[in-house]
Structure formats: structure tokens, C-alpha cells
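Summary of the model geometry
Next come the chains, spelled out residue by residue.
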Amino acid sequence: SHPDFCKQSDYMVTGSNTQEVMQEYFCDFIYNTLGITKVGQLLLQDDVGVSTASLFKEKFEALGGEVTICEMFTAGTVDFTAQITKIKQTDPQLF
């Protein structure tokens, strides 16, 4: 869930980890387990997508990795050709 989800009220709780926690584990797995150091991002352009992109970039770069590009798309998009072309031009090992 969004990092600020539980901050909305003293009565808000979540049964799952926030993106802040999940991105830390995700980045560690990609960088340390898979040995991938250069990634591109393709995410939905909404509150969760924007915060996820930012958190991933912060945590991945803290490990020594590089986020080559972050491409966003809107809900309902069916043609990702432009985003994928831009991402591939940055030569990531994973996106």
C-alpha cells in the first residue's frame, strides 16, 4: 500500500507491508541476489506508482545500483511501444 496510507488516521491499519518496506526487499533481491545493477522502470501514473518509483530509485541507488529511466503510463494504456522503446535505449539489465 501507499507509504502514507496509515498516516491518514489513528484508526487506519494495513494487513500488508507498505511500498517503503517492499521496495527495500525488492531492491535488495535484484541487486544482491540477482546481481543486477542497472534497471529501468515502467509504472502506472497514480499515487502508488509515483511513490513506488521514487522509493525504488532511492533504495536501489543507495545499494549502488542505477535507475536508467522511469517511464509512466496512464490507466487504460494498451500500447506501450513508446515507453518500452525509451527504456530499451537506456540499456538496462532489467525493467
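Procedures and definitions
- Residues numbered from 1 in each chain as written.
- Predicted model: local features only at pLDDT ≥ 70, side-chain atom pairs only at ≥ 80, totals over all residues.
- Heavy atoms only, no water.
- Helix = DSSP H or I, 4+ residues; strand = E, 2+ residues; numbered from the N terminus.
- Buried < 20%, exposed > 50% of the residue type's maximum accessible area, 1.4 Å probe, protein only.
- Areas by Shrake-Rupley, 256 points an atom, 1.4 Å probe, with all protein chains shown as cover.
- Salt bridge = Lys/Arg side-chain N within 4 Å of Asp/Glu carboxyl O.
- Patch = residues over 30% accessible without salt bridge, like charges linked within 9 Å, V, L, I, M, F, W, Y side chains within 5 Å.
- Lys, Arg positive; Asp, Glu negative; His and termini not counted.
- Charge placed at Lys NZ, Arg CZ, Asp CG, Glu CD.

**Looking at the overall build of the chain**
- From N to C terminus, the chain includes 3 helices and 2 strands.
- When the helices and strands of the chain are read in sequence order from the N terminus, they spell out α-β-α-β-α.
- Out of the 95 residues belonging to the chain, those deemed buried represent 29%.
- When the accessible surface of the chain is summed, it comes to about 6,200 Å², and 53% of that surface belongs to carbon and sulfur atoms.

**Describing the pattern of salt bridges**
- Across all of its chains, the model carries 1 salt bridge by this definition.
- Notably, a salt bridge pairs E61 with K57, separated by 2.6 Å at the nearest N-O pair. Remark: K57 and E61 occur in helix α2 (residues 47-62); sequence separation between them is 4 residues, near one turn of the helix.

**Points about a negative patch on the surface**
- A grouping of E20, E24, D28 and E58 is seen on the molecular surface, where their side chains present a negatively charged patch.
- Top element by residues in the negative patch is helix α1 (residues 19-33). It accounts for 3 residues.
- Relative to the helices and strands, E24 is located in helix α1.

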